[in-house]
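Chain by chain, the residues:
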Amino acid sequence: MLDVLTDADYELFRKVIYDESGITFSATNRSILDSRIKEMLRKKNLTTPQEYYELISKDPEEMKIMLDAVTTNLTRFFRNQPHFDSFINYVIPHVIEHKKAGGDRTIKIWSAGCSTGEEPYTIAMIMKEICPPDFNFHITASDISLKSLMTAQQGFYPEARVDGVPENYLNKYFTKVDGGYQIKDDIKKTIHFDYHNLKNDSGARNLDVVFCRNVLIYFDEPAQLAVINHFYDSMGPQSYLYIGHSESLFGMKTNFEFIKTEWACFYGKNINK
């Protein structure tokens, strides 16, 4: 099947996607962009990419829909278990110790690029298990995909999607329903789902832990640095950042400290101060 985007069309869409979100499409994934635009033309009953470009240029809501359509949402429960092992055994104990010293009993966590919700729900279930009774926690989960956020807010997952959830967690935090499993309300109420474009400052401050895994790979270096700096501004002292196992801050001029534990590697802010 012929590509729907000419070279000129491709450059137009590639630039507007980058300008609006920081997401980079290169020659190696041009076919993905082409197929997504082709699908949007069909849905909008439009004939040419130029018509669609005019539509998204005039309508901010259509721009959001387009950005949703071109993003890739791949996730699962308990993805990269060593991260969660370090979260349980190292990060949260250190956060609790720091919070107690300051007389604070609330732990604030952000799951950035949360996709369909498996990551923040995993975090919430873990926190239910390990959070001391005199502490409370709050999780903010954000994504640029409105469709993914709707799935996340619903909290329903087909049986194949809960593969990898430990049986005790499945029995305790899910309800078996026709066609799959429903997250229980006591887990759902610990998470606030919100639309957010990582190109912009979230406005959050004094976060204790930020998860942004397998998202930076879609940005070029300047956009990556801008996102990382936004994270730094949003985090409190003695806080922690998780990025994907194939992602790294090495070579970037950031103030984050590299932390290596027996379980996994991640980054910290003002850990040794």
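Fair warning: this is a prediction, and the values are worked out from it, not measured in the lab.

Cut-offs and rules
Residues numbered from 1 in each chain as written. Predicted model: local features only at pLDDT ≥ 70, side-chain atom pairs only at ≥ 80, totals over all residues. Heavy atoms only, no water. Phe/Tyr/Trp six-rings, centres within 6.5 Å; stacked < 30°, edge-to-face > 60°. Helix = DSSP H or I, 4+ residues; strand = E, 2+ residues; numbered from the N terminus. Buried < 20%, exposed > 50% of the residue type's maximum accessible area, 1.4 Å probe, protein only. Lys NZ or Arg CZ within 6 Å of the ring centre and 35° of its normal. Expected span 1.5 Å × (residues − 1). Bend = angle between axes of the 7 residues up to and from the residue. Contact = heavy atoms within 4.5 Å. Axes fitted to C-alpha atoms, helices over the stretch in contact; angles between N-to-C directions. Parallel < 35°, antiparallel > 145°, perpendicular 65-115°, else oblique. Left-handed = near helix turned anticlockwise from the far one by under 90°. Nonpolar A, V, L, I, M, F, W, Y, C, P; charged D, E, K, R; others polar. Core = buried A, V, L, I, M, F, W, Y, C linked by side-chain atoms within 4.5 Å. 1 Å grid on protein atoms, 1.4 Å probe; cavity = no way out; pocket = protein on both sides within 12 Å on 5 of 7 lines; lining within 4 Å. Points joined across faces, edges and corners; volume = space filled by probe spheres on them.

Taken as a whole and judged by the stated rule, the model has 21 aromatic pairs. Between Tyr 240 and Phe 266, the aromatic rings sit 6.0 Å apart at their centres with planes inclined by 70 degrees, giving edge-to-face as the arrangement. With Tyr 240 in strand β8 (residues 235–243) and Phe 266 in strand β10 (residues 265–269), the pair connects residues that are 26 residues apart, well separated along the chain. For the pair Tyr 240 and Phe 266, one class covers both residues: buried. Between Phe 250 and Phe 258 the ring centres are 5.2 Å apart and the planes differ by 50 degrees, which places this aromatic pair in the tilted class. Lying across the ring of Tyr 195, Lys 64 places its NZ or CZ 4.7 Å from the centre. Cation over ring: Lys 176 sits above Tyr 181, and NZ or CZ is 5.2 Å from the ring centre.

Spanning 22 residues, helix α5 (residues 81–102) covers 30 Å between terminal C-alpha atoms, matching the ideal 32 Å at 1.5 Å per step. Approximately 45 degrees is the largest bend angle found in α5, and it occurs at Phe 87. Taken together, the buried positions of α5 are occupied by His 83, Phe 84, Ser 86, Phe 87, Val 91, Ile 92, Val 95, Ile 96 and Lys 99. Check the buried side of α5 and you find it contacts β1 (106–112), α6 (118–130), β7 (207–212), β8 and β10. Within two residues after α5, Gly 103 carries a phi angle of roughly 75 degrees, on the positive side.

Right, let's get into the packing of α5 against α6. Orientation of α5 relative to α6, taken along the N-to-C sense of each, is 40 degrees, at an axis distance of 11 Å. When the axes of α5 and α6 are compared, the pair comes out oblique. Viewed along their axes, α5 and α6 form a crossing whose handedness is right-handed. Each of Phe 84, Phe 87, Ile 88 and Ile 92 in α5 lies in contact with α6, whose residues at this interface are Thr 122, Ile 123, Ile 126, Met 127 and Ile 130. When the residues that make up the contact of α5 with α6 are grouped by side-chain class, the tally is 8 nonpolar, 1 polar and no charged.

What follows deals with the nonpolar core. Ranked by size, the top nonpolar core spans 43 residues in total, and within it Phe 77, Phe 87, Ile 107, Ile 109, Met 127, Phe 174 and Val 209 carry the most contacts. Those residues in contact with Ile 107, other than ones at most four positions away along the chain, are Ile 92, Val 95, Ile 96, Met 127, Phe 135, Asn 136, Phe 137, His 138 and Asp 208. Counting residues in hydrophobic clusters, the runner-up holds 39 residues, among them Tyr 10, Leu 207, Leu 241 and Ile 243.

Take the layout of surface pockets next. The method is simple in principle: a probe with the dimensions of a water molecule rolls over the atoms, and the space it marks as empty is what remains. Approximately 290 Å³ is the volume attributed to the second largest pocket. Looking at the second largest pocket, it is lined by 15 residues, and the ones nearest its centre are Met 40, Lys 43, Asp 68, Ala 69 and Lys 147. Of all the secondary structure elements, the ones that give two or more residues to the lining of the second largest pocket are α2 (30–44), α4 (60–70) and α7 (146–154). Among the elements that take part in the lining of the second largest pocket, α2 stands out by supplying 5 residues, more than any other. Of the residues assigned to the lining of the second largest pocket, the class counts are 3 nonpolar, 6 polar and 6 charged.

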